[in-house]
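Inside the fold
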Amino acid sequence: MDTFTSFYGGLVIFSILGFMAHERGVAVNQVASSGSGLAFIAYPEAVARMPQVPPLWSCLFFFMLMVLGIDSMFTTLETIITAFMDEMPRFRKWKLHMTIGLCVVLFLLGLPMTCNGGQYLLTLLNEYAAGLSLLFISLFEVIVICWVYGFRRFFRDIKSMLGAEPNYYWRICWMGLTPITILFVIIFSCVQYEAPTYGKYNYTTGGIALGWLSLMASVICIPIYMIFRFCRSYDGNILKTLKRINTSTDDWGPALEEDKEKRRRLDVPDDDPEDVSEDNSTNSSGSSPSNVSDRSSIIVPEKEQIEAITDTVYDDSIARSNPAVNYALRLKSLESTF
């Protein structure tokens, strides 16, 4: 569907540009440059030249632009609000007020683009803030999800929601093809970089610096938070600290308990000690053993196995998230008590 839409959009764009070039007697690349000039100069002029009811087509065109902008803001607002609510759940009861407040703030930030020099500011932000920054964020996302969080865990998350894991096409794309492609685009964009211009106007050094600051404003948050978490959790061992801060917490997962239990079953191996204990603790009649002789049939790991497991575990969150390790830790705790 995306491929078809891209081809269809290309046909519409270049048919209008070709019509405008034919009317003016110039080349296509001289009709209008990409960006806002194409949407607000070339297209309105083209629909105004249509032979049948040009005011209607003009209204439909700008109504389409308005709906497209509102649709884009839906995803932006939802991303910001959801991230904030996940980090601070106590503010969820004020979600409506926070959404309205965020809309007002974004509206005020957009007012300078409606002034006399707004077109220059819009071109500058469109060149920097909406280009490399998105590529950098996408690269970090795919690397963290597939290689830090773990692609197997991510696939099991998808299976718990959709009932099936992604096929090999998506695995190849997410694990290798996508990050390599994004990295290539970033390198190519840096090599082919040129200072932005608007018509015959060349931006000053201060304007270019402002553009780079707008780019770094969103990207710099990622390494800053990584350094903050590392320094806050550092315990003298670099490798252990890195592993601990990149380990999922106990409350990570679906919000509903039944969904959490369904997701947890996907992580439990077939030979899990708790499952074996539950199976062995049930007799042939389906009832639990009531005396010591019946309980002696429960399979308990050997002492050497317990020591080997517990000596390798240094993070409580890992122990609690792994039923086998959690079981071994409880046995060791009882042993130390007596």
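Residues numbered from 1 in each chain as written. Predicted model: local features only at pLDDT ≥ 70, side-chain atom pairs only at ≥ 80, totals over all residues. Heavy atoms only, no water.

1. A word on helix α8 (residues 205–219)
Working note: α-helix, 3.6 residues per turn, so residues spaced by three or four point in the same direction. Spelled out, the test is: The secondary structure listing takes helices from DSSP runs of H or I that are at least 4 residues long and strands from runs of E that are at least 2 residues long, numbered from the N terminus. Each residue after the first adds 1.5 Å to the expected span of a helix. Per-residue accessibility, obtained with a 1.4 Å probe over protein chains only, is compared with the maximum for each type, and a residue is labelled buried under 20%, exposed over 50%, and partly exposed between these values. For this quantity, the arc is that covered by the directions from the helix axis to the C-beta atoms. Residue contacts are counted whenever heavy atoms from the two residues lie within 4.5 Å of one another.
Taking 1.5 Å per residue, 15 residues should reach 21 Å; α8 reaches 21 Å between its end C-alpha atoms and fits that length. Among the residues of α8, those classed as buried are Gly207, Ile208, Gly211, Ser214, Leu215 and Val219. Buried residues of α8, seen end-on, are gathered within an arc of 135 degrees and therefore sit on one face of the element. Structural note: α8 exposes Thr205 and Leu213 on the side pointing more than 90 degrees away from its buried face. On its buried face, α8 is in contact with α5 (118–128), α6 (132–162) and α9 (221–233).

2. Observations concerning the side chain of Thr123
Our working rule: Under the rule applied, a polar contact is a pair of N or O atoms within 3.5 Å (in protein, one hydrogen donor and one hydrogen acceptor; residues adjacent in sequence only if both atoms are side-chain atoms).
Among the structural elements, Thr123 can be located in helix α5. A polar atom in the side chain of Thr123 sits 2.9 Å from the backbone oxygen of Gln119. Apart from residues no more than four positions distant in its own chain, Thr123 is found in contact with Thr197, Tyr198 and Tyr203.

3. Points about the environment of Ile208
Among the secondary structure elements, Ile208 is positioned in helix α8. Owing to a relative accessible area of 19%, Ile208 belongs among the buried residues under this scheme. Distance in space between the C-alpha atoms of Ile208 and Leu124 is 7.8 Å, their sequence separation being 84 residues. Dropping the residues within four chain positions of it, Ile208 is found in contact with Tyr128, Tyr193, Ala195 and Tyr203.

4. Points about a nonpolar patch on the surface
For the record, the criterion: Like charges within 9 Å and nonpolar side chains (Val, Leu, Ile, Met, Phe, Trp, Tyr) within 5 Å are joined into patches, using only residues over 30% in relative accessible area that form no salt bridge. Only the protein chains shown count as cover for residues, and all accessible areas are computed by the Shrake-Rupley method using a 1.4 Å probe. Any carboxyl oxygen of Asp or Glu that lies within 4 Å of a side-chain nitrogen of Lys or Arg is treated as forming a salt bridge with it.
On the surface, Leu96, Ile100, Val104, Phe107, Leu108 and Leu111 cluster together into a nonpolar patch covering about 600 Å² of accessible area. By the element assignment, Phe107 lies in helix α4 (residues 95–110). Residue classification places Phe107 among the exposed positions, given a relative accessible area of 55%.

5. Some points on the confidence of the model for the chain
We count it as follows: For every residue, the predictor states its confidence as a pLDDT score lying anywhere from 0 to 100.
Confidence in the prediction of the chain, expressed as mean pLDDT, is 76, and 77% of residues score 70 or more. Looking over the chain, one finds the lowest element-wise mean pLDDT in helix α13 (residues 292–295), namely 39, and the highest in helix α7 (residues 168–191), namely 91. Contacts for the low-pLDDT stretch residues 270–320, under 50 throughout, to residues beyond four places or in other chains number 60 contacts. Within the model, the stretch residues 334–338 combines pLDDT values under 50 with one contact to residues more than four positions away or in other chains.

6. Remarks on the pattern of salt bridges
Under the definition given, this model contains three salt bridges. Two residues, Arg92 and Asp86, come together in a salt bridge whose shortest N-O distance is 3.6 Å. Across the salt bridge formed by Glu165 and Arg171, the nearest N and O atoms sit 2.7 Å from each other. Since its relative accessible area comes to 35%, Glu165 is described here as partly exposed.

7. Describing α6
For the record, the criterion: Fitting axes to the seven residues that end at a residue and to the seven that start at it, the angle between those axes gives the bend at that residue.
Between its first and last C-alpha, α6 extends only 33 Å over 31 residues, short of the 45 Å set by a 1.5 Å rise per residue. The axis of α6 is deflected most strongly, by about 105 degrees, at Gly150. Residues of α6 that are buried: Leu132, Ser133, Leu139, Val142, Cys146, Tyr149, Gly150, Phe151, Phe155, Asp157, Ile158 and Ser160. In this fold, the buried residues of α6 make contact with α5, α7, α8 and α11 (257–265). Looking one or two places after α6, you find Gly163, whose phi comes out positive at around 95 degrees.

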